[in-house]
Each structure stands twice: as structure tokens, then as C-alpha cells.
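# Structural characterization, general
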Amino acid sequence: MSDIFHEVDEEVRRDQLRKLWDRYSLYIIALAVLIVAGIGAWRGYEYWVAKKAGAAGAAFETAVTLSEQGKHAEAETAFTKVVTEAPNGYRVLARFRAAAELAKIKPVDAVKAYDDLAGDSSLGATWQDLAGLRAGMLLVDSAPLADMRRRLDPLSEPTRTFRHTARELLALSAWRSHDLTATRRYIDMIATDAETPPGTRARIDVLSGLIAADGKS
């Protein structure tokens, strides 16, 4: 008797499933097609991204080779092309390398390129500070102290990543401008910062010695 009830239950379940399939089969099939299509599209996107990254990497290496060969104008053009065509990671690196190549042939244009990078908030503070510092390096022997302070004083604050180099550049600029008060202030900032690298500290010691020698002469 229990077998009969079991068979009846099975028949009822099959009938219910058949009714559900008849009602929702189109939706189930459509969902399955969407899932398969979505997986295929994602795989295709991954392949496209990998292919584009590979092409960008090859173009970047070509530009680096041109730079190493001393072909700075050609390298700058090649890096600029990477900037326009490559994914974001390569784009940022290529912008910095293009500016570096310009620095070897057109320093004024290089400063502008670094200023553009320093003003690009999408890069983040560290990259922006690095760009501002590189511009300062190009200008330290020629720009007025006021311009250097405008550029580098914010980078010399205690929480900034490149504060040590920024302070060193400011000290050199102040010394070149014969502003000994400002020079000593930046030297003190370097000397009292426990995290100042040994190389920076050694160079500032030399500058302090030059100031002392000037005072005796």
C-alpha cells in the first residue's frame, strides 16, 4: 500500500514540475543563455586587456631602448605614444619617462610636463609630489627662491614622502640666492629630522661647511 502512495506522490511532483517548466521554461533558458554569454564576454574582455597590456609593455620597452641608445627625442615621442594608447598603469609611467626625456633636450618643456603631472589629482599625492620634485630639480639652478618655495615648501612638510629632497633643494636655492637665514632654516629642518637619509645629511653638512667658510672670509 505504501508503494502506491509513493507512486502517487511521484506522479504529483512530476506533474507540478511539468507545470512549472511550461510556465517558466523561457525564463530559465534566457537566464542560462545570459550566464553563458556573460562568461564569454568576460573571457573576451580579459583576453583584450591582456593583449592590450602586452602591446603597451612592448611599446614601453621600445621607448626605454631608444632612451638607453641616447635617442632622447625619439624616446620622448615613443613614450608619448604609449601615453595615448596604453592602459592606465603604463600611461602614468610613460608620462614620467616622456618628461624625463624632455629634460635632456628641452628642459623648459620638461618643467611644464612635470607641472602638468603635479596638477593631476587623479594620480594621487605621492605621484604628484614626485612630479613637483622633479620640476624643482630642473629649476634649482635658475629659478628665484620665491618660485622654488612656492613649488617645494608644501612638499617639505613633515608628512610628505619626498620632504628630505625638497628641503635639500630649498636649502641650495636659498644659498644660491644668498639668503643665509632661509638656508640655515632648511638646514635645521634636515638636521633635526631623525628620518633624514645619510646621503642628504652628508650633503647638507658640506653646505654648512661652505656657509661657515664664507663667514670667515
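Residues numbered from 1 in each chain as written. Predicted model: local features only at pLDDT ≥ 70, side-chain atom pairs only at ≥ 80, totals over all residues. Heavy atoms only, no water.

## Examining the packing of aromatic side chains
This model, assessed by the stated rule, comprises 2 aromatic pairs. Their ring planes at 55° and their centres at 6.4 Å tell us that F96 and Y114 sit as a pair that is tilted. Within this pair, whereas F96 is found in helix α3 (residues 88-105), its partner Y114 is found in helix α4 (residues 107-118), the two being separated by 18 residues in sequence. Considered together, F96 and Y114 belong to a single accessibility category, that of buried residues. Within the aromatic cluster, the residues linked to one another by ring pairs are F96, Y114 and W127. (Phe/Tyr/Trp six-rings, centres within 6.5 Å; stacked < 30°, edge-to-face > 60°. Helix = DSSP H or I, 4+ residues; strand = E, 2+ residues; numbered from the N terminus. Buried < 20%, exposed > 50% of the residue type's maximum accessible area, 1.4 Å probe, protein only.)

## What to know about helix α8 (residues 180-191)
Counted at 1.5 Å a residue, the expected span for α8 with its 12 residues is 16 Å, and the 16 Å between its end C-alpha atoms agrees. All buried positions along α8 are accounted for by A182, T183, Y186, I187 and I190. End-on, the buried residues of α8 take up no more than an arc of 135°, which puts them together on one face. (Expected span 1.5 Å × (residues − 1). Arc of directions from axis to C-beta.)

## Observations concerning the pattern of salt bridges
By the definition in use, this model includes 14 salt bridges. The salt bridge involving D129 is made with R160; its shortest N-O contact spans 2.9 Å. On the criterion of sequence distance, the pair formed by D129 in helix α5 (residues 125-139) and R160 in the loop between α6 (145-152) and α7 (163-176) is long-range, its members being 31 residues apart. You can call D129 buried: its relative accessible area is 7%. For R160, a relative accessible area of 23% gives the class partly exposed. For D147, the salt bridge goes to R151, with nearest N and O atoms at 3.5 Å. Of this pair, D147 and R151 both sit in helix α6, 4 residues apart, which is roughly one turn of the helix. Among the charged side chains, a salt-bridge network with shared partners connects D115, D147, R150 and R151. (Salt bridge = Lys/Arg side-chain N within 4 Å of Asp/Glu carboxyl O.)

## Comments concerning the side chain of D193
Its place among the elements puts D193 in the loop between α8 and α9 (198-216). At 2.9 Å, the side chain of D193 and the side chain of R163 are in polar contact. The contact partners of D193, leaving out residues within four places of it in the chain, are R163, H164, R167 and R201. (Polar contact = N/O pair within 3.5 Å; in protein donor to acceptor, adjacent residues only side chain to side chain. Contact = heavy atoms within 4.5 Å.)

## Describing the nonpolar core
By size, the foremost hydrophobic cluster in this structure holds 30 residues, and its most contacted members are Y114, M148 and L152. With 5 residues, α7 is the largest single contributor of residues to this core. Those residues in contact with L152 that lie beyond four places of it in its chain are G132, L133, G136, A166, L169 and L170. Of all hydrophobic cores here, the second largest spans 11 residues; its members include A63, A78, F79 and A98. (Core = buried A, V, L, I, M, F, W, Y, C linked by side-chain atoms within 4.5 Å.)

## Considerations on a nonpolar patch on the surface
On the surface, L172, W175, L180, V206 and L210 cluster together into a nonpolar patch covering about 390 Å² of accessible area. Every element with two or more residues in the nonpolar patch is listed here: α7 and α9. A relative accessible area of 53% places V206 in the exposed class. (Patch = residues over 30% accessible without salt bridge, like charges linked within 9 Å, V, L, I, M, F, W, Y side chains within 5 Å. Areas by Shrake-Rupley, 256 points an atom, 1.4 Å probe, with all protein chains shown as cover.)

## Some remarks on the environment of L139
Considering the arrangement of structural elements, one finds L139 in helix α5. Using a relative accessible area of 15% as the deciding quantity, one classes L139 as buried. With 28 residues separating them along the chain, L139 and V111 place their C-alpha atoms 8.0 Å apart. Every residue in contact with L139, bar those within four places of it in the chain, is listed here: V111, D147, M148 and R151.

## Describing the confidence of the model for the protein
The predicted model of the protein has a mean per-residue pLDDT of 83, with 76% of residues at 70 or higher. α6 holds the highest mean pLDDT among the elements of the protein, 97, whereas helix α1 (residues 2-68) holds the lowest, 65. (pLDDT = per-residue confidence, 0-100.)

## Examining the environment of R184
Mapping R184 onto the fold places it in helix α8. The sequence separation of R184 and A174 amounts to 10 residues, and the corresponding C-alpha distance is 8.9 Å.

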